[in-house]
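An overview of the molecular structure
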Number of protein chains: 2
Amino acid sequence: MATDTSSTSSSNKRQKTTGEKPFRLIYWPGIPGRGEHIRLAFEATGTPYTDVAKTDSAIPTITNLISEDNTGDDHHNPPPFAPPILQHGDDVLISQTSNILLYLGPKLGLVPDPKEDPVGLYHVNALALTALDGLSNEPHDVHHPIAVGLYYEDQKTEALRRAKDYRENRLPKFLGYFERVLSGKAGGRSGEGGYLYGGKLTYADLVLFQCLDGLSFAFPNYIKKIRESGQYDRVWKLYERVKGLETIKSYLKSERRVEYGMGIYRHYPELDDEE
Amino acid sequence: MATDTSSTSSSNKRQKTTGEKPFRLIYWPGIPGRGEHIRLAFEATGTPYTDVAKTDSAIPTITNLISEDNTGDDHHNPPPFAPPILQHGDDVLISQTSNILLYLGPKLGLVPDPKEDPVGLYHVNALALTALDGLSNEPHDVHHPIAVGLYYEDQKTEALRRAKDYRENRLPKFLGYFERVLSGKAGGRSGEGGYLYGGKLTYADLVLFQCLDGLSFAFPNYIKKIRESGQYDRVWKLYERVKGLETIKSYLKSERRVEYGMGIYRHYPELDDEE
């Protein structure tokens, strides 16, 4: 039986000896999903963490936490609405993807130093929220435009309509936005930093990377076309830059990276462009 | 012609003399929309602010900021994706509803004191994000399930289907969640605090209030039924508690409060329960 501590990042040794509180990511097994954004933050920075999705206790842990009987705990943590959920030590339990990243950002060095740039954290958060809105939540709604509780097949007609609008209007709008951010002064010291904000890797870059990777799985024909068009070159350069980071490269090759499937990013050929 | 400074909160005088940087809310005129969450934070705390929506410069200000030519400014603010946008002094420009609230929270006293409760801010943020997801974004998607760029009439068939699912499944799930939060220990010192977190008003309460108010406009029959059922009594007690705060009471009576219309919360009788 797998134990909770078996699937820590292999790129760094666990630092339990330093007395730091351990990080535990609680997310559904079998899909990258929203948990992947948290995983990438740990992996990019070589931070040890326990990935509960890789253990036998994943499902019972989650169902207990989101159960209708859970009204919160004795440490004043409210009940989480849904995973991903971050447990930090014995007493901190935090939910909502962007919120977990916000909590981790300063701890993992994935936001600007607040002494040098006290507003940077908010800019990073806004960029992450925008990517999650348009490049993660919307792609999910493309295959589930009517009800999350129904099968895709039961809303396929509507999904076809929504997918067309997403490819033709929404995706270009969001990709164009990030292209614009990357061409501006906030990205690098001189607009050539190559990261979304402050010339250094932040969690906004990791979120955008994961969204672009998921979109490439869901809409391969569409993404191939727009990459070939050169229209969003800065965006795809950022994608490759993150993908090429040593920590990320070794993570993506490892068994810790979960394959896409029936999660947020799904490949239904009829929702993609024709070849 | 209206000027930028004409529509500050009348409950407090402007504090320009203290040398504090002024707050300026940039949002579309004519609808409460997502801007309303920011407005309520200012109004609840009697904080002076300029409401650009009430001035002639609203539309040009917004279209300039979200223009495809805007790549950010000389203060390292990235371009905003969409309003609401908060301008703080001459140098800070922040976007995304939950992010603006996060920025304002400590400044306006709408989050727990970080010295007493360093994690409280993240709990408040998670609660606000959950309310915005399920009780603001989803109600919008109920009348626009296919494309934001199309008219309601062009997606009415799909909207009818989605509205049914929203009333039967999603709304009860989110209301049940907040009822559960309010019954737990994180809400008050003894579960009787009557606020979502920490026994005191936070911006999460204001967000939930505004969502419930908007839902009452959009789905009056449905909301009447569930209020009469007594199933979510804590939720509606919170709603009335916020509504009864002196600052909020006088704001809601004032001309500063914008009426609902064709924004996020729309009243289409066919999307509501029958009487």
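Here the structure is a predicted model, which is why all the values come from computation and not from measurement. (Residues numbered from 1 in each chain as written. Chains lettered and ligands numbered in written order. Predicted model: local features only at pLDDT ≥ 70, side-chain atom pairs only at ≥ 80, totals over all residues. Heavy atoms only, no water.)

**Considerations on the relation of the copies chain A and chain B**
Put simply, the rule reads: The atoms used to superpose the copies are C-alpha atoms, taken from residues with pLDDT of at least 70 in both, and the fit is least squares. Contacts between residues were defined by any pair of non-hydrogen atoms, one from each residue, lying within 4.5 Å.
Superposition of chain A onto chain B requires a rotation of 180° combined with a translation of 0.0 Å along the rotation axis, giving an RMSD of 0.0 Å. Given the turn and translation reported, the copies of this chain are related as if by a two-fold rotation axis. When C-alpha positions in chain A are compared against the rotation axis, the closest is assigned to Pro-145 of chain A, at 2.9 Å. When the interface residues of chain A are mapped onto chain B, 100% of them again fall at the interface, so both copies present the same face.

**Focus on helix α6 (residues 203-218) of chain B**
This is how it is decided: Only DSSP runs of H or I reaching four residues or more are called helices, and only runs of E reaching two or more are called strands; each is numbered from the N terminus. Here the expected span of a helix is defined as 1.5 Å times the quantity of residues minus one. Only protein chains enter the area calculation, which uses a 1.4 Å probe; residues under 20% of their type maximum are buried, those over 50% are exposed, and those in between are partly exposed.
Here α6 of chain B is 16 residues long and its end C-alpha atoms lie 22 Å apart, about the 22 Å a rise of 1.5 Å per residue gives. When you tally the buried positions in α6 of chain B, you get 14 out of 16 residues, the bulk of the element.

**Quick look at the pattern of salt bridges**
Applicable threshold: Salt bridge, as used here: a side-chain nitrogen of Lys or Arg that lies within 4 Å of a carboxyl oxygen of Asp or Glu.
Scanning the entire structure with this criterion turns up 36 salt bridges over all chains. In this structure, Lys-224 of chain B engages Glu-228 of chain B in a salt bridge whose closest nitrogen and oxygen atoms are separated by 3.6 Å. Of this pair, Lys-224 of chain B and Glu-228 of chain B both sit in helix α7 (residues 220-229), four residues apart, which is roughly one turn of that helix. Look at Glu-228 of chain B and you get exposed, because its relative accessible area is 59%. Here the salt bridges do not stand alone but share partners, grouping Glu-36, Arg-39, Asp-51, Lys-54, Asp-213 and Arg-257 of chain A into one network.

**As for the pairing of strand β1 (residues 23-26) of chain A**
Residues and elements named next belong to chain A. Formally: One bridge is not enough; two strands pair if DSSP finds at least two bridges between them. By convention, a crossover is right-handed whenever its connection, traced from the first strand over the helix to the second and viewed with the strands pointing away, goes clockwise.
Bridge count between β1 and strand β3 (residues 85-88): four bridges; the pairing is antiparallel. Of the residues in β3, the one forming a bridge with Ile-26 is Ile-85. Summarising the sheet, β1 and strand β2 (residues 50-51) pair through two bridges and their orientation is parallel. In the sheet register, Leu-25 faces β2, and the bridge partner there is Asp-51. Running through helix α1 (residues 35-44), the crossover from β1 to the neighbouring parallel element β2 is right-handed.

**Digging into the sheet that holds β2 of chain A**
Through backbone hydrogen bonds, the strands of a sheet pair up, either in parallel or in antiparallel fashion. All names here are of chain A. Where we set the bar: Here, axes are lines fitted to C-alpha atoms. For helices the fit covers the stretch in contact, and angles between N-to-C directions go from 0 to 180 degrees.
Read from one edge of the open sheet, four strands run β2-β1-β3-β4, paired in mixed fashion. Of all strands in the sheet, those bounded by a partner on one side alone are β2 and β4 (92-95). Helix α2 (residues 58-65) contacts β1, β3 and β4 of the sheet and is inclined by roughly 85° relative to β1.

**Some thoughts on the packing of aromatic side chains**
This is how it is decided: Between rings of Phe, Tyr and Trp, where Trp is taken as its six-membered ring, a pair exists when centres lie within 6.5 Å; planes separated by under 30 degrees are stacked, by over 60 edge-to-face, and by other angles tilted. Should the NZ of a Lys or the CZ of an Arg lie within 6 Å of a ring centre and within 35 degrees of the ring normal, that charge is described as sitting over the ring.
Applying the stated rule across the entire model yields 24 aromatic pairs over all chains. Put simply, the rings of Phe-81 of chain A together with Phe-174, Tyr-177 and Phe-178 of chain B pair up and form one aromatic cluster. Lying across the ring of Tyr-103 of chain A, Lys-107 of chain A places its NZ or CZ 3.7 Å from the centre. Note that Arg-241 of chain B overlies the ring of Tyr-195 of chain B, its terminal NZ or CZ placed 5.9 Å from the centroid.

**Overview of the interface of chain A and chain B**
So the rule is basically this: When two parts are brought into contact, each loses some accessible area as probed by a 1.4 Å sphere; the total of that loss over both is the buried area. Nonpolar residues are Ala, Val, Leu, Ile, Met, Phe, Trp, Tyr, Cys and Pro. Charged residues are Asp, Glu, Lys and Arg, and all others, Gly as well, are polar.
Contacts between chain A and chain B engage 56 residues on the former and 56 residues on the latter. Together chain A and chain B conceal approximately 4,700 Å² of surface at their shared face, both sides included; 58% is due to carbon and sulfur atoms. In terms of surface lost to chain B, no three residues of chain A exceed Phe-81, Tyr-122 and Arg-180 of chain A, which account for 16% of the buried area on that side. Our enumeration of links across chain A and chain B arrives at four salt bridges. The shortest N-O distance in the salt bridge between Glu-158 of chain B and Arg-161 of chain A comes to 2.8 Å. Contributing elements (two or more residues each) for the side of chain A that touches chain B: β4, α3 (97-108), α4 (120-143) and α5 (156-183) of chain A. The leading source of residues in the side of chain A that touches chain B is α5 of chain A, at 11 residues. Classifying every residue of the side of chain A that touches chain B gives 25 nonpolar, 16 polar and 15 charged.

**Looking at unusual backbone geometry**
Residue Pro-84 of chain A is bonded to the preceding Pro-83 of chain A through a cis peptide linkage, with omega at 5°. Looking at where Pro-84 of chain A falls in the secondary structure, it is placed in the loop between α2 and β3. Even without being glycine, His-76 of chain A reaches a positive phi, approximately 65°. With respect to the secondary-structure elements, His-76 of chain A resides in the loop between α2 and β3. For Gln-96 of chain B, which is not a glycine, the phi torsion comes out positive at approximately 80°.

**Concerning the sheet that holds strand β2 (residues 50-51) of chain B**
Residue and element names in this part refer to chain B. Judged by pairing direction, the sheet is mixed, and its four strands sit side by side in the order β2-β1-β3-β4 without closing on themselves. Two strands close off the open sheet at either side, each with one partner strand: β2 and β4 (92-95). Where strand β3 (residues 85-88) meets β4, four bridges bridge the pair, whose relative direction is antiparallel. If you follow His-88 over to β4, its bridge partner there is Val-92. Sheet strands in contact with helix α3 (residues 97-108) are β1 (23-26), β3 and β4, and its direction is about 125° off that of β4.

**With respect to the pairing of β3 of chain B**
Burial of the side chains of β3 of chain B extends over both faces: Ile-85 and Gln-87 of chain B are buried on one face and Leu-86 and His-88 of chain B on the other. Remark: three residues form the turn of the hairpin made by β3 of chain B and β4 of chain B, two consecutive strands paired antiparallel; Gly-89 of chain B in that turn has positive phi of roughly 65°.

**Here's the deal with the domain arrangement of chain A**
Residues and elements named next belong to chain A. Formally: An automatic or database domain assignment is the source of the domain bounds shown.
Taken domain by domain, chain A consists of domain 1 (23-108) and domain 2 (119-271). Domain 1 and domain 2 are separated by 22 Å when their C-alpha centres are compared. In this assembly, 19 residues from domain 1 lie in contact with 24 residues from domain 2. Summing both sides of the interface, domain 1 and domain 2 together bury roughly 2,000 Å²; the carbon and sulfur share of this comes to 69%. Its largest share of buried area at the contact with domain 2, domain 1 owes to His-37, Leu-40 and Glu-43, together 28% of the area lost on that side. Taken together, domain 1 and domain 2 are joined by two salt bridges. The shortest N-O distance in the salt bridge between Arg-256 and Glu-43 comes to 2.8 Å. Those elements that provide at least two residues to the side of domain 1 that touches domain 2 are α1 and α3. With seven residues, the top contributor of residues to the side of domain 1 that touches domain 2 is α1. By residue class, the composition of the side of domain 1 that touches domain 2 is seven nonpolar, seven polar and five charged.

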